[in-house]
Amino acid sequence: MDIVLNPGEKLIMPSDPMIQYVGRIDDEDPAAYGFEFVATGLRIRVTGGVLKVCINNRTNYWQSRLGVLVDGELHAALLPENGEAIIDLSEFLHEGENTVHIFKRQDSSHAFTFHGLIIAEGGQLLPPPQRPARRMEVYGDSVSAGEVSEAEEYRGKPDPQHNGEYSNVWWSYSWLTARKLGAELHDIAQGGIALLDKTGYFNGPDYVGMLSSYDKVRYNPAFGQPKNWDFTRYIPHVVVLAIGQNDHNPVNIMEQDYEGEAAQLWREKYAEWIRSLRAKYPKATFVLTTTILNHHENWDKAIDAVCSELRKTDGRIHHFLYSNNGCGTPGHIRASEAEIMAQELSGFIESLGEEIWED
């Protein structure tokens, strides 16, 4: 990216040690860090009154916006549909020192590369905020990604027509839960995704499943060849698995024939996935769940059956149901609904004891 500075500005490269990254970031190229997963972001402390973000955005569908949190105040900045841009965030800054968290509000409806920050020539980046001691990871679909979460007037109703403007992972139950627990979050969530390939709604008509995506840092075929993630880079204390709501497409196998071959295969693959993650995270606590989005109860029955079997040899695997699990709303979960979910989920996790947060 060709970055032209104005007088009185200086460029901070992505590899600068004063930038703290959050989530699965593809940092192989020191001049162009890749952001594809929702809630990936960076934290800085900056002075000087100038802050611009240099990116190259690529759109898969919908409009996209950056989330910007400045000293606790939440903002959004519209991104270009495609191509390079320097996004000026200076208007969000206060006088003096600012703590800024820039994050990806949406899933792989878009992806971008980050090429650096522009700050005032007389400004500086201070040492970043201390990372939380607790670490959490969520695997899920659009609900875990906060899709349409800001359409509060549609609480308990089907979604309105939209172009991505209501989607904000900040108001997802996953990030709300992490904040209540004081935990750092990796949110491995994608709208429409199911467990298995050829099912769900993500990346049609081929449809890519979680089993083909969970171990990636670049996972959407729309943006090129997928790229593996190094699991040693982030070891969570708590792992929430919230898959099983999009898996009814194209056939609702759990509703139609719970004991059938296809349903049995799903349960086997779900168990294999958990065992694979357990091998990567030997000490983590696993919470198996779905959400309050309407779905047939047999999907939760299937998850409970898998959990019961795994718990015979692994007591750190749990099945959690919300008070209105699977029957809370026909539309995506709005921020106020996600807040209630987060209260219930964080309460359950805290009930497991302080020792689950030990390294």
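Note that the structure is a prediction, hence the values are computed from the model and not measured. (Residues numbered from 1 in each chain as written. Predicted model: local features only at pLDDT ≥ 70, side-chain atom pairs only at ≥ 80, totals over all residues. Heavy atoms only, no water.)

Trainee: Which residues make up the overall build of the protein chain, and what are the values?
Mentor: For the protein chain, the count of helices and strands is 5 helices and 18 strands. The C-alpha radius of gyration computed for the protein chain amounts to 20 Å, which stays within 12% of the reference 21 Å derived for 359 residues, consistent with globular compactness. Principal axes of the C-alpha set define a box for the protein chain whose edges measure 70 × 45 × 40 Å. The 359 residues of the protein chain split such that 58% are buried. At a minimum sequence separation of 6, the contacts of the protein chain that also span at least 24 residues come to 76%. For the protein chain, the accessible area works out to roughly 14,400 Å², and carbon and sulfur atoms hold 48% of it. (Helix = DSSP H or I, 4+ residues; strand = E, 2+ residues; numbered from the N terminus. Rg over C-alpha atoms; globule rule 2.2 N^0.38 Å. Buried < 20%, exposed > 50% of the residue type's maximum accessible area, 1.4 Å probe, protein only. Contact = heavy atoms within 4.5 Å. Areas by Shrake-Rupley, 256 points an atom, 1.4 Å probe, with all protein chains shown as cover.)

Trainee: Can you explain helix α4 (residues 297-310)? Please cite residues and give values.
Mentor: For α4, with 14 residues, the first-to-last C-alpha span of 20 Å sits near the 20 Å given by 1.5 Å per residue. Among the residues making up α4, those that are buried are Asn298, Trp299, Asp300, Ala302, Ile303, Val306, Cys307 and Leu310. Looking at the buried side of α4, the elements it contacts are α2 (253-256), α3 (261-280), β17 (285-288) and β18 (317-319). (Expected span 1.5 Å × (residues − 1).)

Trainee: Tell me about the packing of aromatic side chains, residues and numbers included.
Mentor: Here the structure, examined in full by the defined rule, presents 21 aromatic pairs. For the ring pair Trp170 and Trp175, a centre distance of 4.9 Å and an interplane angle of 65° mean the geometry is edge-to-face. The class for Trp175 is buried, based on a relative accessible area of 7%. When the ring of Tyr270 is compared with that of Trp273, the centres are 6.1 Å apart and the planes differ by 65°; the resulting orientation is edge-to-face. Highlighted residues: Tyr270 and Trp273, both in helix α3, separated by 3 residues, approximately one helical turn. (Phe/Tyr/Trp six-rings, centres within 6.5 Å; stacked < 30°, edge-to-face > 60°.)

Trainee: A description of the pattern of salt bridges should follow, citing residues and the corresponding values.
Mentor: Within the structure shown, the criterion is met by 19 salt bridges. Between Arg45 and Glu97 there is a salt bridge, with its nearest N and O atoms 2.9 Å apart. Within this pair, whereas Arg45 is found in strand β4 (residues 41-46), its partner Glu97 is found in the loop between β8 (83-88) and β9 (98-104), the two being separated by 52 residues in sequence. We note a salt bridge from Glu150 to Arg105, for which the minimum N-O separation is 3.6 Å. Here Arg105 lies in the loop between β9 and β10 (110-120) and Glu150 lies in the loop between β12 (134-140) and α1 (173-181), a separation of 45 residues in the sequence. Under the relative-accessibility criterion, Glu150 is labelled partly exposed at 30%. A residue is classified by how much of its surface remains accessible, and Arg105, at 3% relative accessible area, is buried. Put simply, Asp26, Glu28, Arg218 and Lys227 are held in one network by salt bridges that share partners. (Salt bridge = Lys/Arg side-chain N within 4 Å of Asp/Glu carboxyl O.)

Trainee: I'd love a proper account of helix α5 (residues 335-351), names of residues and values included.
Mentor: Taking 1.5 Å per residue as the helical rise, α5 with its 17 residues ought to reach 24 Å, and the 24 Å between its terminal C-alpha atoms agrees with that figure. When we look at burial in α5, the residues that qualify are Ala335, Glu337, Ala338, Met341, Ala342, Leu345, Ser346, Phe348 and Ile349. The buried residues of α5 occupy an angular sector of 155° when the element is viewed end-on, so they sit on one face. Elements in contact with the buried residues of α5: β12, α1, β16 (238-242), β17 and β18. Following α5 by one or two positions, Gly353 adopts a phi angle in the positive range, close to 105°. (Arc of directions from axis to C-beta.)

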